[in-house]
Amino acid sequence: MRRKTAFASIALTALAMTGAAALPAQAAERPAALSRTATPDAAQPAAAAKSVTVKVSMDQLGRGQAIADALRGISTDDRGGFVQQAIEKAFQAAGGRHNVMLFNLSQNYADHFQGTRVYANVQWGNIHYGLWIFESGEFTNQGDGGWINWGFTGWWERNGGYVKFNRSW
């Protein structure tokens, strides 16, 4: 009986040392063959920036192409950083006079915008966002908050997930 226990212990130790006993989640992250020869984190290459695609479906400002080009120029692998850059670039490309909302469309929301001038579907990696450029209105985020799911700029008052937007003029 002791021999079987000792043998099993030696076998498990050998598996653990080679990385062959990785849990399924760990195996998905890095193959066992790489775990033995992995380089330190500092030597690991940075993650590739996600590609951005933009489909403008409404453009009453005549600036849809400039907005799309500005968003396509964002190069980052940081989702929250993407949202922050996207609202700023959209705001500037739209002329700096309108409110801007970028929202993860997989989350629940209610929008009541007046004077919507531009609407676009924006895809960053596999995340789909809606982009609204508008004069005034209300928006309620019924899902998760944080920069990874939404961002807005303009003239607004916020109470939790509820935002009231005013006209700039």
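Residues numbered from 1 in each chain as written. Predicted model: local features only at pLDDT ≥ 70, side-chain atom pairs only at ≥ 80, totals over all residues. Heavy atoms only, no water.

Caption draft 1: Examining helix α5 (residues 79–93) more closely. Spanning 15 residues, α5 covers 21 Å between terminal C-alpha atoms, matching the ideal 21 Å at 1.5 Å per step. Burial in α5 covers these residues: Gly-80, Gly-81, Phe-82, Val-83, Ala-86, Ile-87, Ala-90, Phe-91 and Ala-93. Downstream of α5 by one or two residues, Gly-95 has phi in the positive range, about 105 degrees. (Helix = DSSP H or I, 4+ residues; strand = E, 2+ residues; numbered from the N terminus. Expected span 1.5 Å × (residues − 1). Buried < 20%, exposed > 50% of the residue type's maximum accessible area, 1.4 Å probe, protein only.)

Caption draft 2: Region of interest: the packing of helix α4 (residues 64–72) against α5. Where α4 contacts α5, the axes come no closer than 9 Å and their chain directions differ by 150 degrees. Put simply, α4 runs roughly antiparallel to α5. In this structure, the crossing between α4 and α5 has a hand that is right-handed. Of α5, the residues touching α4 (which contributes Ala-66, Ile-67, Ala-70 and Leu-71) are Ala-86, Lys-89, Ala-90 and Ala-93. Here the contact of α4 with α5 is built from residues that sort into seven nonpolar, no polar and one charged. (Axes fitted to C-alpha atoms, helices over the stretch in contact; angles between N-to-C directions. Parallel < 35°, antiparallel > 145°, perpendicular 65-115°, else oblique. Left-handed = near helix turned anticlockwise from the far one by under 90°. Contact = heavy atoms within 4.5 Å. Nonpolar A, V, L, I, M, F, W, Y, C, P; charged D, E, K, R; others polar.)

Caption draft 3: Up close: the packing of aromatic side chains. Within this structure, the stated rule accounts for 19 aromatic pairs. Between Phe-82 and Tyr-129, the ring centres sit 5.9 Å apart and the planes meet at 45 degrees, which makes this aromatic pair tilted. Here the residue Phe-82 occupies a position in helix α5, and Tyr-129 occupies one in strand β5 (residues 127–134), the gap between them amounting to 47 residues. As far as the burial class goes, Phe-82 and Tyr-129 line up, both buried. (Phe/Tyr/Trp six-rings, centres within 6.5 Å; stacked < 30°, edge-to-face > 60°.)

Caption draft 4: Just the sheet that holds β5, in detail. Strands sit in the order β1-β4-β5-β2-β7 across an open sheet of five strands; the sheet is antiparallel. A strand with exactly one partner marks an edge of an open sheet, and here the two such strands are β1 (52–59) and β7 (150–153). Taking the axes of each pair of neighbouring strands and ignoring which way they run, one obtains an average angle of 15 degrees across the sheet. Here strand β2 (residues 99–104) runs beside β7; their pairing, made up of four bridges, is antiparallel. Following the sheet pairing, Phe-103 is matched in β7 by Trp-150. Sitting on the sheet, α4 is in contact with β1, β4 (118–124) and β5, with an inclination near 165 degrees to β1. Its contacts with the sheet put α5 on β1, β2, β4, β5 and β7, and the angle it makes with β2 is roughly 150 degrees. (Pairing = 2+ DSSP bridges.)

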